[in-house]
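# Survey of secondary and tertiary structure
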Amino acid sequence: MTQNAPEAKNGFAHEEVSQMSPLLFISYFTGIRGNCPAEWADDKIRVLGAAGRKTIVLTGMGSHVQDSDSVSYVRVPSLSWIDYREEIKELKSGGEDVPFGIYLLMPLAFSLGSLIDYILRKVTKGISSGRWPWLLTALPVALWYKLRYRVRDVFCTGGPTSAQVVGGITTWLAGGRLFCEYQDPLLGAMMTRSGMTRRISARIETWLARRSTKAVYVTQEAARLARERNPDHSSNIVSVYPGAWQFVPPVSRSERRHGVFEFLHLGTLYGSRNLDLFFSAIDALREEGFEPARTVRVVNLGAVYCETASQYQARADFQLLDALDRVDALQRARNASCLMLVQHTDERSRETIPYKTYDYLNLGLPVLGLLNNDELRSLIELNGGYTAQADQLYSIKRALRSCLTALADSRSEIANVRDSLDISVQFLQVLECADVGH
């Protein structure tokens, strides 16, 4: 375990904030490049740091972190041989020296950790990503900090559900208010789980709903389904769109480019999340003589594992670029004419909103979504974007025509992101117990 005592920190932005007891923030992943749960948590930690909110972050050993004036990190290794090796590998890949004390834990991680891994594989059929062995080491540390610094509020997010369970047990034993955020629902429609694992997940969800001051789901649909599953605790369950940290300034009207219309997708394409129908729509519009379609260029910033990847590469209007760090990717995205969201065409898309949606909206560029989620459709359209049903060629063709028509019209206006999606407003209101459910 690595730590810096939070009592050594000072210089808070607001006097009334600095007088609060520390917030205990629990997330297994923080500070890991390309890891969405970590980016999600990091953005909220940035909000707390900017507000001068004294915070203790309890996180996994593989996280790459650095203390600030008001935020202190405590890294705790998992009691799992699988996790232990991954954490050491992540530290080394980030250029960090592995603390000598972590190597001293190797015999315990190998012996007891291997046994725990074996038991978990039997219980979960080898498909759990909850990082449950981390609970065994993180819980006593969370309790110590909760009592030592008289922490009142505990916020947990994930990612691995062990973070929420650590927070739940900590507040159950030592009191205080619990705020649990679920980046993905515990019982999603398309989650592949054994019968026993689903039953355990359902009981955990109910227990945490009862324990939480707020159980925060990040879509209305996920919250609605959670309320149906837990009617006795429905008043504790809310939905809050998280928003994302503003890393780069939004694109101004004068910066918007004309001529070649670049449609940029950030991320990986695979399976039913592909551009097959989008290219068919482009080709159809060109055949119909729709001139703006002739100057479309499609760029994917990330990997492509679709069966039709070779066909994409053979197209003159497609460009594949290597993935970049998040901030560099957003800087590159500012050069695009339109940003693309592409969802899977099966049920897995109905309860989730990709986190990059909020990065997109922060850029102030139009967004074209190929979606399977009515809630996400409303969000994008309210912010001046265009949407189509991901598995319907006619719908994609119509949305693309509308988008290109607007892009070709230099007089068209693009709506700004609504104030309600400012991450600072969203997150701080959650912690203040304000009514922010959508």
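Figured I'd write up the structure that's included with this text.

Calculation notes
Residues numbered from 1 in each chain as written. Predicted model: local features only at pLDDT ≥ 70, side-chain atom pairs only at ≥ 80, totals over all residues. Heavy atoms only, no water. Pairing = 2+ DSSP bridges. Helix = DSSP H or I, 4+ residues; strand = E, 2+ residues; numbered from the N terminus. Axes fitted to C-alpha atoms, helices over the stretch in contact; angles between N-to-C directions. Contact = heavy atoms within 4.5 Å. Phe/Tyr/Trp six-rings, centres within 6.5 Å; stacked < 30°, edge-to-face > 60°. Buried < 20%, exposed > 50% of the residue type's maximum accessible area, 1.4 Å probe, protein only. Lys NZ or Arg CZ within 6 Å of the ring centre and 35° of its normal. Salt bridge = Lys/Arg side-chain N within 4 Å of Asp/Glu carboxyl O. Expected span 1.5 Å × (residues − 1). Bend = angle between axes of the 7 residues up to and from the residue.

### Points about the sheet that holds strand β9 (residues 296–301)
An order of β10-β9-β8-β11-β12-β13 is seen for the 6 strands of this open sheet, with the pairing classed as parallel. Looking at the sheet topology across the chains shown, the edges are occupied by β10 (318–321) and β13 (386–389). Averaged over all pairs of adjacent strands, the angle between their axes in this sheet comes to 20 degrees, without regard to strand direction. Pairing geometry for strand β8 (residues 261–266) and β9, over 6 bridges, is parallel. Directly across from Leu266, in β9, lies its bridge partner Leu301. Running at roughly 165 degrees to β8, helix α12 (residues 326–333) makes contact with β8, β9, β10 and β11 (338–342) of the sheet.

### Examining the packing of aromatic side chains
Inspection of the entire model under this criterion finds 17 aromatic pairs. Ring geometry for Trp81 and Tyr84: centres 5.7 Å apart, planes at 15 degrees, overall stacked. Taken together, the residues Trp81 and Tyr84, both in helix α3 (residues 81–93) and 3 residues apart, mark about one turn of the helix. The two residues Trp81 and Tyr84 agree in class, both being buried. For the cation-ring pair, Lys44 lies above Phe427, with the distance from its terminal atom to the ring centre recorded as 5.5 Å. Across from the ring centre of Tyr149, 4.8 Å away, lies the NZ or CZ of Arg148, which sits over that ring.

### Quick word on the pattern of salt bridges
In this structure the tally under the stated criterion is 22 salt bridges. Two residues, Arg224 and Glu221, come together in a salt bridge whose shortest N-O distance is 2.6 Å. Taken together, the positions of Arg224 and Glu221, both in helix α9 (residues 220–229) and 3 residues apart, correspond to about one turn of that helix. On the accessibility criterion, Arg224 (35% relative accessible area) is partly exposed. Accessibility expressed as a relative area gives 24% for Glu221, which makes it partly exposed. Where Asp317 meets Arg315, a salt bridge forms, and the shortest distance between an N and an O atom there is 2.9 Å.

### Thoughts on helix α6 (residues 132–148)
In this model α6 runs 25 Å from its N-terminal to its C-terminal C-alpha over 17 residues, within 8% of the 24 Å that 1.5 Å per residue would give. Maximum bend of α6: about 40 degrees, positioned at Ala138, with proline Pro140 one to four residues after it. Taken together, the buried positions of α6 are occupied by Pro133, Trp134, Leu135, Ala138, Leu139, Val141, Ala142, Leu143, Tyr145 and Lys146. Where α6 ends, the next residue or the one after it, Arg150, has phi of about 50 degrees, a positive value.

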